[in-house]
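Here's the letter readout for the chains.
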Amino acid sequence: MGIQSKEDYLRYLEADRRALNRSATRPRLFGDEVWKFERLLRRVEYYENCKRAWYHYPALLYLSVKFRLYSLLLGFTIPQHVFGPGLSIANRGTIVVNSCARVGANCRLHICVNIGSRAGTNTEAPIIGDNVYIGPGVVMFGRITIADNIAIGANSVVTKSFSEPDITIVGAPARKIGGIGTSRFYDTGVPPGEQDRDVTGLNPGS
């Protein structure tokens, strides 16, 4: 559904703040560029969905240009209306996401991730569940489905669906290597930003 009201907009902002493990209510003037990007993403989504009157167009145009500039600054190609609340982008760097992909709540996203469509089409892109950790260098594409609470190890290539929740997958092509996913983080209330020391070490050779 995405952001359909001001209440949704505020809920998304708060979920993203918590996912990024920020204690402040607003980004700092310098040093919080990823958080500023995420806030701009949500504001553009809010305006596109909820502020459709003609007199809102100048504000939407301004926000869209600013969002584009931040995308270029940080190296992100992340379209609107793809990610649910609780998005946590680990740091700046190349990230490419197809606009037809759909990602649930509490996604942790790392550098050099590519979520793309099947070759020959722009629309057949992944559908990803809630509480999914996507490690550095992950490539996933095609009309595939990823269940909730799955951890995807660094440099994995995901070309098929994984319907079993709460597992870890790694490799090229990706395969299940364990029955422990991400629910141990989300069920205990640990923010996605605290996951790194536990799962970023996964690699295809594990």
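Relevant structure appears above.
Fair warning: this is a prediction, and the values are worked out from it, not measured in the lab.

Peer 1: Explain the pairing of strand β14 (residues 174-178) to me, and be specific about the residues and the numbers.
Peer 2: For strand β13 (residues 168-171) and β14, the ladder comprises 4 bridges, and the chain directions are antiparallel. What sits directly across from Val 170, in β14, is Arg 175.

Peer 1: How would you summarise the pattern of salt bridges if you had to cite specific residues and measurements?
Peer 2: Under the definition given, this model contains 11 salt bridges. A salt bridge links Asp 32 to Arg 22, with the nearest nitrogen and oxygen atoms 3.3 Å apart. Taken together, the positions of Asp 32 in the loop between α1 (6-19) and α2 (33-50) and Arg 22 in the loop between α1 and α2 put the pair 10 residues apart, joining distant regions of the chain. The class for Asp 32 is buried, based on a relative accessible area of 4%. We note a salt bridge from Glu 124 to Arg 143, for which the minimum N-O separation is 3.5 Å. Of the two residues, Glu 124 sits in the loop between β6 (113-116) and β7 (127-128) while Arg 143 sits in the loop between β9 (139-141) and β10 (145-146), which places them 19 residues apart along the sequence. Looking at Glu 124, the relative accessible area reads 17%, which means it is buried. Residue Arg 143 is classed as exposed on the basis of its relative accessible area of 62%.

Peer 1: Explain a nonpolar patch on the surface to me, using residue names and the numbers behind them.
Peer 2: Among the surface-exposed residues, Tyr 57, Leu 61, Val 65, Leu 69 and Leu 72 lie close enough to one another that they form a single nonpolar patch of about 520 Å² accessible area. As for its position among the elements, Leu 61 is in helix α3 (residues 57-74). For Leu 61, a relative accessible area of 42% gives the class partly exposed.

Peer 1: Explain the layout of surface pockets residue by residue, including any values.
Peer 2: The computed volume of the largest pocket comes to approximately 310 Å³. Around the largest pocket, the lining residues are Tyr 9, Arg 26, Pro 27, Lys 36, Arg 39, Leu 40, Arg 43, Leu 63, Lys 66 and Tyr 70. Looking at the lining of the largest pocket, the elements that each hand over two or more residues are α2 and α3. Here the element with the most residues in the lining of the largest pocket is α2; it accounts for 4 residues. Of the residues belonging to the lining of the largest pocket, the class tally is 5 nonpolar, no polar and 5 charged.

Peer 1: Give a description of the environment of Ser 183 that names residues and reports values.
Peer 2: Topologically, Ser 183 is positioned in helix α4 (residues 183-186). Linking Ser 183 and Asp 130, residues 53 residues apart in sequence, is a C-alpha distance of 9.9 Å.

Peer 1: Talk me through the sheet that holds β13; I want residue IDs and the actual numbers.
Peer 2: A sheet is described by the order of its strands in space; here 6 strands give the open sequence β2-β5-β8-β11-β13-β14, paired in mixed fashion. Every other strand in the sheet has two partners, leaving β2 (88-89) and β14 as the edge strands with one partner each. Here 2 bridges tie strand β8 (residues 133-134) to strand β11 (residues 151-152), and the two strands are oriented parallel to one another. Within the sheet, the bridge partner assigned to Tyr 133 lies in β11 and is Ala 151.

Peer 1: Just give me the short version of α3, but keep the residues and values in it.
Peer 2: Between its first and last C-alpha atoms α3 spans 26 Å; for 18 residues at 1.5 Å apiece the expected length is 26 Å, and the two agree. Looking at the buried side of α3, the elements it contacts are α2 and β1 (76-77). Phi turns positive one or two residues past the end of α3, at Gly 75, with a value near 85°.

Peer 1: So what's going on with the sheet that holds β10? Which residues, and what values?
Peer 2: With parallel pairing, the 3 strands of this open sheet are ordered in space as β4-β7-β10. Only two strands of the sheet have a single neighbouring strand rather than two, namely β4 (102-103) and β10. Relative to β7, β4 runs parallel, the two being bridged by 2 bridges. Note that in β7 the partner of Arg 102 across the bridge is Ile 127.

Peer 1: Which residues make up the packing of aromatic side chains, and what are the values?
Peer 2: Within the structure shown, the criterion is met by 5 aromatic pairs. An angle of 70° between the planes, with centres 5.0 Å apart, marks the rings of Phe 37 and Phe 76 as edge-to-face. Taken together, the residues span a long stretch of sequence, with Phe 37 in helix α2 and Phe 76 in strand β1 at a distance of 39 residues. When the centroid spacing of 5.9 Å and the interplanar angle of 85° are considered together, the rings of Tyr 46 and Tyr 47 count as edge-to-face. Three or more aromatic residues joined by ring pairs form one cluster here, namely Tyr 9, Tyr 46 and Tyr 47.

Conventions used here
Residues numbered from 1 in each chain as written. Predicted model: local features only at pLDDT ≥ 70, side-chain atom pairs only at ≥ 80, totals over all residues. Heavy atoms only, no water. Pairing = 2+ DSSP bridges. Helix = DSSP H or I, 4+ residues; strand = E, 2+ residues; numbered from the N terminus. Salt bridge = Lys/Arg side-chain N within 4 Å of Asp/Glu carboxyl O. Buried < 20%, exposed > 50% of the residue type's maximum accessible area, 1.4 Å probe, protein only. Patch = residues over 30% accessible without salt bridge, like charges linked within 9 Å, V, L, I, M, F, W, Y side chains within 5 Å. Areas by Shrake-Rupley, 256 points an atom, 1.4 Å probe, with all protein chains shown as cover. 1 Å grid on protein atoms, 1.4 Å probe; cavity = no way out; pocket = protein on both sides within 12 Å on 5 of 7 lines; lining within 4 Å. Points joined across faces, edges and corners; volume = space filled by probe spheres on them. Nonpolar A, V, L, I, M, F, W, Y, C, P; charged D, E, K, R; others polar. Expected span 1.5 Å × (residues − 1). Contact = heavy atoms within 4.5 Å. Phe/Tyr/Trp six-rings, centres within 6.5 Å; stacked < 30°, edge-to-face > 60°.

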